[in-house]
Structure formats: structure tokens, C-alpha cells
Amino acid sequence: RTVRNALVAASTVAVLLSSTAAYSAEKVYRLKLAETWGANFPIFGDTTKAMAEMAEKMSNGRLQIRIDSANKHKAPLGVFDMVKAGQYDIGHSASYYWKGKVPNTLYFSTMPFGMVAAEQYAWFYHGGGMELMEKVYGPHNLLSFPGGNTGVQMGGWFQKEIKTVDDLKGLKIRIPGFAGEVLAKLGASPTNIAPGELYTALERRTIDALEWVGPGLDLRMGFHKIAPYYYTGWHEPATELQFLVNKQSWERLPADLQEILRVAMRLSAYDMYILNTHASAENWSTMKEEYPNIKVMNFPDDVMAAIRQANDELLEEQAKNDPLAKEILDSQAAYLEKAREWTLIADKAYLDSQAEQ
Ligand code: PYR
């Protein structure tokens, strides 16, 4: 009898222990994500969905991320503020959209004449980029992570051909980031407009030109119907989107869920680069076959020379005005110099040798 009582007691303890363990193992953490993109937005929206699904599966359901598109939260360019304030735990957007609030956020998307995607990822993860990004975002109660790369972007859709530098004067163009500053120096009027309003802005002539991404995303937006000139890019060689995370939301997560979230963000970001490459290749060929009226153009050499000069002058000014800007720009320039040598001897030499065959 005593033995049986002891066994019953032991099994009761075992049941209690295992149910406590199961209870804590199954505690569900619910996070809310606000994205700049509209509902079911391809490629960018696919990235947040993939991230949330991965996080949920890897955590066996303990991490649940609800995604609100811009249709729901109505503030496509308000993601920084909403995540900073804790209204949302996570955001998906682009760092250069915040240049009006915190100028040094500008440098973590892409820079005109800057690194290409492989170089920039190497800089982020192995060349000090993540640490510099933390210096900029930390004081704002935010963590920032790479959120998906588009690769080299097209220079945009123009209603009129750009023949000389003078054609840039007074040009109303939607273009975010440092490229906007560069064009402003040459007399253009750059503005940033969220993707959901781009078509209407161009159609109603609120703007004369716009750049969005590249054929993978641009074609379904229909810009070719209202602006026939499609220029090649100089301004965004490796646009990296961004996952923003509110610091308290991050700190509330147990260490394993933080790691799961980190991995889900990193992998979904890399997947976006692949997905956008695929979509651009597909749509480039569709474009050539089905829309022969699109005029693919390069900006004339003297226009490019003026843009380059304005860019370099502005970079110098930025570095002079702010020590942290200088630190970031010096880090990027040094990394680019080193990494580009390798890109030229590897990728470029390879591509050139193929072209010659
Ligand atoms: C843009 O806003 O232009 C991007 O490429 C994300």
C-alpha cells in the first residue's frame, strides 16, 4: 500500500511538472507588424508574410505575428513613429524614408554610386554596418535589421526625355533617399510618395517622373501607360528594406524567440532578393515582348557627370556637418573600395568574358 501511495504521489508530481513545463513552453507571444505596403503587395508584402510564417513554424506556434498593411493602419510613411511609440512591435519599411526625422537613417537603404547587394550585405554583417545602424536607431528605442534587397533599381519612369542637365530643372520627381538630395542640388523638386499613391500622382501630373523599383514590381503598377521613358539606374544600386523592432517588444521575448525572429527576418530578407531577381527577369522579358513602346534609356553622359559631381559634393557636406554621418560614410567608402576590387575581378571580369564570346 505504501508503495502504491508513493507511486501515485510520484506520478502526480510528474504530471504537474510536465504540465508546468508544457505551459511555459507554450506561452504564446503575439506581435503586431505594420508595413508600408498595401494589402497583398507583391514581393515586399510576400517578405513579411514569409517572415511571420517562418517565425510561427520555427517557434511551434509560440511566436505569432499579425501583419497590418497600409490599408489597415493608414500611415504608410508613419511606420517609424508607430514602432518607436510601441503602437506596433515590428515595422517593415525602408530606412531612407526617415531622413526628414533622423537624417542619419538615410544611409542604411542604398547610396547612389554605392555598393551593390552582395557588397552591402557583406558591409552590414561583416564590415560594421549593423553596429553603425544600431548607433543611429538605438537612441530612438528601435532595433533595425536588413529587410530584403531589390538589387540594382531602374532609374525611373519619365514623361519626357532627359537630354541635358537643364531638363532636370524644375522636374517634379518622386525619388526617396540621397538621390533625391542630389537631384534637388541640380534644380529638381524631389518628393517621397508612398507606393499606393504613385500611379495617381503621375497620372494627374502632380509629378513628372518617378522611380519605384524595377520591372519585377513596376510593370503591374502600370507606369508604362503614362510615362514611356524607362531609364536605367544610378541612384539605388542595392535598396535594402528594413525590419524595425521596438526595443521593449524585443526585450519581452525569451532568448530563443529573439533568435527565431532574428533568423526569420534575415532569411526572409535574403529570399526577397532572390524573389525580386526572379520577378525582374520574368517581367523584363514580358516587357520586351508585350510593351515594345517602352523606351529603355540611359541618361546622357554629361547628365551623369553632373549628377556624380553633385553627389560627391553633397557627401562631403554631409560628412562635414555631422560626426556620425562622417563615421558611416567613411565606413561605407572604405568598404566599397576594398569590396569593389574583388567584384571587378570576379563578377565583372566573368560577365565581360561572357559578353565577348
Ligand atoms: C522606393 O521607395 O523607391 C523603394 O525602392 C523601396
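Residues numbered from 1 in each chain as written. Predicted model: local features only at pLDDT ≥ 70, side-chain atom pairs only at ≥ 80, totals over all residues. Heavy atoms only, no water.

A. Representation of the overall build of the protein chain in the model. Within the protein chain, the regular secondary structure consists of 13 helices and 11 strands. On the principal axes, the C-alpha backbone points of the protein chain span a range of 100 × 50 × 45 Å. Looking at the protein chain as a whole, 50% of its 357 residues are labelled buried. Counted over contacts in the protein chain with a minimum sequence separation of 6, partners at least 24 positions apart contribute 78%. Of the roughly 17500 Å² that the protein chain leaves accessible, carbon and sulfur atoms contribute 54%. In the protein chain, 37 side chains carry a positive charge and 43 a negative one; their mean positions are 9 Å apart. (Helix = DSSP H or I, 4+ residues; strand = E, 2+ residues; numbered from the N terminus. Buried < 20%, exposed > 50% of the residue type's maximum accessible area, 1.4 Å probe, protein only. Contact = heavy atoms within 4.5 Å. Areas by Shrake-Rupley, 256 points an atom, 1.4 Å probe, with all protein chains shown as cover. Lys, Arg positive; Asp, Glu negative; His and termini not counted. Charge placed at Lys NZ, Arg CZ, Asp CG, Glu CD.)

B. Structural view of unusual backbone geometry. The backbone of Asn 40 shows a phi angle near 55°, a positive value even though the residue is not glycine. By relative accessible area, which is 64% here, Asn 40 ends up exposed. Despite not being glycine, Arg 205 has its phi angle at roughly 65°, a positive value.

C. Representation of the environment of Val 116. Relative to the elements of secondary structure, Val 116 occurs in the loop between β3 (90-94) and α5 (117-126). Between the alpha carbons of Val 116 and Leu 351 there is a distance of 15 Å; along the sequence they are 235 residues apart. Once residues lying within four places of it in the same chain are set aside, the contact partners of Val 116 are Pro 237, Ala 238 and Arg 340.

D. Highlighting the side chain of Arg 174. Note that Arg 174 resides in strand β6 (residues 172-174). Within the structure, the side chain of Arg 174 is placed 3.0 Å from the side chain of Asn 192, a separation counted as a polar contact. Beyond its immediate sequence surroundings of up to four residues, Arg 174 is in contact with Tyr 97, Thr 191, Asn 192, Ile 193, Leu 198, Ile 207, Ala 209, Leu 210, Glu 211 and Trp 212. (Polar contact = N/O pair within 3.5 Å; in protein donor to acceptor, adjacent residues only side chain to side chain.)

E. Just empty space enclosed by the protein, in detail. Per the counting criterion, the structure on display carries 3 cavities of 30 Å³ or more. Computed from the structure, the largest cavity encloses a volume of approximately 50 Å³. If you go around the largest cavity, the residues you meet are Gly 155, Phe 158, Leu 168, Ile 173, Ile 175, Leu 183, Trp 234, Phe 299 and Ile 307. (1 Å grid on protein atoms, 1.4 Å probe; cavity = no way out; pocket = protein on both sides within 12 Å on 5 of 7 lines; lining within 4 Å. Points joined across faces, edges and corners; volume = space filled by probe spheres on them.)

F. Structural view of the site of the ligand. Every residue near the ligand is listed here: Phe 44, Tyr 96, Tyr 97, Gln 153, Arg 174, Pro 176, Glu 211, Trp 212, Val 213, Glu 236, Thr 239 and Leu 241. The side chain of Glu 211 places a nitrogen or oxygen atom 2.7 Å from an oxygen atom of the ligand. Tallied by class, the residues present in the shell around the ligand amount to 7 nonpolar, 2 polar and 3 charged. (Near = heavy atom within 4 Å. Nonpolar A, V, L, I, M, F, W, Y, C, P; charged D, E, K, R; others polar.)

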